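Reading the structure
The chain contents come next:
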Amino acid sequence: MKTLLLLAKVAIGFVWLVLAINIFHPFPGVTAIVLYIMTGFLFMMHGVQALMFIGAFGDKVPMSKWEKWSILFFGIFALLDIRRKHMM
């Protein structure tokens, strides 16, 4: 499970890398527009996910700043990693 979470985080990191490259060096044509929309959607969904988790469990589950930020970057995969860490 730990290996799969790491692979998933690498995959999401690659997606963020492509989206960041598009911001600083836009891809040609309609591709750039689609990637801008995907960037906004991904950022919004992971932001809502982070706010919900921290709002619901922030006082019950001790988390470092990096763990809170990792929810924004990696979404559900960071939450699964946090769960795995605290279940042991």
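Look up a bit, the structure's there.
Here goes a summary of the coordinates provided. (Residues numbered from 1 in each chain as written. Predicted model: local features only at pLDDT ≥ 70, side-chain atom pairs only at ≥ 80, totals over all residues. Heavy atoms only, no water.)

So, about helix α2 (residues 30–57). For α2, spanning 28 residues, the distance from its first C-alpha to its last is 40 Å, which sits close to the expected 40 Å at 1.5 Å a residue. For α2, the full list of buried residues reads A32, L35, T39, L42, H46, G47, A50 and F53. (Helix = DSSP H or I, 4+ residues; strand = E, 2+ residues; numbered from the N terminus. Expected span 1.5 Å × (residues − 1). Buried < 20%, exposed > 50% of the residue type's maximum accessible area, 1.4 Å probe, protein only.)

So, about a nonpolar patch on the surface. Together, I23, F24, V30, I33, V34, Y36, I37 and M38 give the surface a local cluster of nonpolar side chains, amounting to about 840 Å² of exposed area. Those elements that place two or more of their residues in the nonpolar patch are α1 (2–24) and α2. Ranked by residues supplied to the nonpolar patch, first place goes to α2 with six residues. On the secondary structure map, V30 appears in helix α2. (Patch = residues over 30% accessible without salt bridge, like charges linked within 9 Å, V, L, I, M, F, W, Y side chains within 5 Å. Areas by Shrake-Rupley, 256 points an atom, 1.4 Å probe, with all protein chains shown as cover. Salt bridge = Lys/Arg side-chain N within 4 Å of Asp/Glu carboxyl O.)

Let us now look at the nonpolar core. In globular proteins that are soluble, nonpolar side chains generally tend to be buried together. If you look at the biggest cluster of nonpolar residues, it comprises 14 residues, and the most contacted ones within it are W16, L19, F53, M63, I71 and I82. Elements represented by at least two residues in this core include exactly α1, α2, α3 (65–74) and α4 (76–87). Broken down by element, the residue count for this core peaks at four residues, all from α2. (Core = buried A, V, L, I, M, F, W, Y, C linked by side-chain atoms within 4.5 Å.)

As a further point, take the packing of aromatic side chains. One pass over the full model with this rule turns up four aromatic pairs. With 6.4 Å between their ring centres and 75 degrees between their planes, W66 and F74 make a pair best called edge-to-face. For W66, a relative accessible area of 52% gives the class exposed. Through successive ring pairs, a cluster of aromatic residues spans W66, W69, F73 and F74. (Phe/Tyr/Trp six-rings, centres within 6.5 Å; stacked < 30°, edge-to-face > 60°.)

Before going further, it helps to examine the pattern of salt bridges. Applying the stated criterion to the full structure yields four salt bridges. For the salt bridge of D81 with K9, the shortest nitrogen-to-oxygen distance reads 2.8 Å. Pair noted here: D81 is in helix α4 and K9 is in helix α1, with a separation of 72 residues, a long-range link. Overlapping salt bridges, with partners in common, bring together K9, D81 and R84 in one network.

Within the element layout of this structure, W16 appears in helix α1. The spacing of W16 and F43 is 27 residues in sequence and 9.6 Å in space, taken between C-alpha atoms. Beyond its immediate sequence surroundings of up to four residues, W16 is in contact with L42, F43, H46, L72 and F73. (Contact = heavy atoms within 4.5 Å.)

In short, shape yes, function no, at least from these values alone.
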